[in-house]
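What follows is the residue order along each chain.
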Amino acid sequence: MQEDALVISKVDISDYLNWRNGDLTFNNEPFEDIIRKIERRYGVRIENGYTELESVRFRGAFKNESIEDLLDTFKESAEFDYEITNNQIRIKKPT
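Scope of this entry: the structure provided in the associated data block. Everything quoted here is computed from the prediction, not taken from an experiment.

The rules we used
- Residues numbered from 1 in each chain as written.
- Predicted model: local features only at pLDDT ≥ 70, side-chain atom pairs only at ≥ 80, totals over all residues.
- Heavy atoms only, no water.
- Pairing = 2+ DSSP bridges.
- Helix = DSSP H or I, 4+ residues; strand = E, 2+ residues; numbered from the N terminus.
- Axes fitted to C-alpha atoms, helices over the stretch in contact; angles between N-to-C directions.
- Contact = heavy atoms within 4.5 Å.
- Phe/Tyr/Trp six-rings, centres within 6.5 Å; stacked < 30°, edge-to-face > 60°.
- Lys NZ or Arg CZ within 6 Å of the ring centre and 35° of its normal.

Our next topic: the sheet that holds strand β2 (residues 45–48). Backbone hydrogen bonds hold the strands of a sheet together, and the pairing may be parallel or antiparallel. Strand order in this open sheet of 3 strands is β2-β5-β4, and the pairing throughout is mixed. Both edges of this open sheet fall to β2 and β4 (81–85), since each of them pairs with a single strand only. Mean inter-strand twist for the sheet, computed between neighbouring axes without regard to direction, equals 15°. Taken together, the 5 bridges between β4 and strand β5 (residues 88–92) define a ladder with antiparallel strand orientation. Following the sheet pairing, E83 is matched in β5 by R90. Along the sheet, helix α2 (residues 31–42) contacts β2 and β5; its crossing angle with β2, the most-contacted strand, is approximately 155°. Contacting β4 and β5, helix α3 (residues 67–78) runs over the sheet at an angle of about 165° to β4.

Laid out in structure tokens, this is it:
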């Protein structure tokens with residue numbers, strides 16, 4: 001393929017449209033990427049002290065959930081603990 005060749009492919013734009021509407025949609029995304037989206041959406045800083053989760057992939061859609069509801073949903077399937085202080089969230093291994 002030439003460097004200046006045009007490539008056309010089908011994409012699912014629903015994730016992008018959902019984001020514009022304030023919704024969060026995760027489609028088999030690594031937790032590391034999800035953290036960045038959560039930080040932007042909720043205006044928080046997340047410190048992941050449980051680095052084994054970074055490559056774990058998740059699917060899900062969230063509309064108007066609180067940050068606690070969202071984290072609790074992930075917590076149920078990924079089994080981690082978290083603590084929130086002001087706008088700082090620390091994710092840690094379960095005790």
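This brings us to the packing of aromatic side chains. All told, the structure shown has 7 aromatic pairs when counted by the stated rule. With a centroid separation of 5.9 Å and 45° between ring planes, the pair formed by F31 and F80 is classed as tilted. Here F80 lies in the loop between α3 and β4 and F31 lies in helix α2, a separation of 49 residues in the sequence. Aromatic ring contacts, followed pair by pair, group F26, F31, F58, F62, F74 and F80 into a single cluster. A cation over an aromatic ring shows up here: R41 above the ring of Y42, its NZ or CZ 5.0 Å from the ring centre.

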